[in-house]
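# Descriptive analysis of the structure
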Amino acid sequence: MEFDDQQSERDKLLAERIQDCERLLSEQGRVKGSRDERIWAAGFFDGEGYVSAFETGITCEIDQIQEDLINLVRFRDAVGVGKIIALKARSNENARPACRWRARSQAEAQTVFDAIGEFLNPAKKNGRRAPKEGVVNPPADGFARALAAPYKTILSRKQPALPAGAFLYEPVAVEGVDQA
């Protein structure tokens with residue numbers, strides 16, 4: 001099968017590039033999982049990453065062009081979980097090849113949060129801020145929502161609010177919020 005051969009070749013090339021990145025990071029003296037690396041990883045995830053709950057589960061992801069693969073390897077090493085995959089070629093012939101770091105379970109998302117959560121900004125911890133009745137509540141895209149309860153509970157339309165005590169960062173009252 002031609003597609004399988006193409007995928008296999010893409011995976012082989014990616015594996016070789018990942019090994020090169022690991023070697024370079026080691027030569028630079030980067031210590032996997034160290035506090036400095038976890039602080040860097042939190043900033044990187046703040047800017048580039050996301051966590052979401054879906055009907056099929058929870059996912060944390062970061063996409064990068066292949067020239068920036070070293071960032072994904074460094075992130076994976078800092079948090080200790082996840083897989084780096086090559087993305088399929090895009091239809092735009094000028095588009096550069098891309099790859100993705102991905103953690104696809106609630107346990108892996110918890111591991112990521114345990115590694116970098118203390119360094120994340122509050123919006124990434126709890127999701128984007130959306131005022132409701134004078135209190136800031138996160139929607140389904142922050143760690144608080146993804147880790148608060150099993151994903152099927154999170155996605156239930158019968159219980160749109162977070163379970164009690166689910167905030168990882170205390171909600172704040174919003175003064176002067178237009179309630180209209």
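Quick look at the structure, then. (Residues numbered from 1 in each chain as written. Predicted model: local features only at pLDDT ≥ 70, side-chain atom pairs only at ≥ 80, totals over all residues. Heavy atoms only, no water.)

A few words now on the packing of helix H3 (residues 69-79) against helix H4 (residues 106-116). Contact geometry for H3 and H4: axes closest at 9 Å, N-to-C directions at 90°. By the angle between their directions, the pair H3 and H4 is classed as roughly perpendicular. From H3, Phe75, Ala78 and Val79 reach across to H4, where they touch Thr111, Val112, Ala115 and Ile116. Its residues assigned to classes, the contact of H3 with H4 comprises six nonpolar, one polar and no charged. (Axes fitted to C-alpha atoms, helices over the stretch in contact; angles between N-to-C directions. Helix = DSSP H or I, 4+ residues; strand = E, 2+ residues; numbered from the N terminus. Parallel < 35°, antiparallel > 145°, perpendicular 65-115°, else oblique. Contact = heavy atoms within 4.5 Å. Nonpolar A, V, L, I, M, F, W, Y, C, P; charged D, E, K, R; others polar.)

Soluble globular proteins: nonpolar side chains tend toward being buried together. One finds Leu69, Phe75, Val79, Trp101, Ile116 and Phe143 to be the most contacted residues of the largest nonpolar core, which totals 33 residues. Tallying contributions element by element places H3 first for this core, with six residues. (Core = buried A, V, L, I, M, F, W, Y, C linked by side-chain atoms within 4.5 Å. Buried < 20%, exposed > 50% of the residue type's maximum accessible area, 1.4 Å probe, protein only.)

Looking now at the environment of leucine 13. With respect to the helices, strands and loops of the structure, leucine 13 is situated in helix H1 (residues 2-27). Residue classification places leucine 13 among the partly exposed residues on the basis of a relative accessible area of 44%. Separated by 73 residues in sequence, leucine 13 and alanine 86 place their C-alpha atoms 9.3 Å apart.

Further remarks concern the pattern of salt bridges. Enumeration according to the criterion identifies nine salt bridges in this entry. A salt bridge links glutamate 118 to arginine 38, with the shortest nitrogen-to-oxygen separation between them at 3.8 Å. Of this pair, glutamate 118 sits in the loop between H4 and helix H5 (122-126) while arginine 38 sits in helix H2 (residues 35-48), and the two are 80 residues apart along the sequence. Its relative accessible area of 55% is what places glutamate 118 among the exposed residues. For arginine 38, a relative accessible area of 18% translates into the label buried. (Salt bridge = Lys/Arg side-chain N within 4 Å of Asp/Glu carboxyl O.)

Among the six residues of strand E4 (residues 98-103), six are classified as buried, and the element is accordingly described as predominantly covered. Where burial is concerned, the two faces of E4 agree: the one with Ala98, Arg100 and Arg102 and the one with Cys99, Trp101 and Ala103 are both buried. Relative to E4, strand E2 (residues 57-65) runs antiparallel, the two being bridged by six bridges. In the strand pairing of E4, cysteine 60 is matched with alanine 103. (Pairing = 2+ DSSP bridges.)

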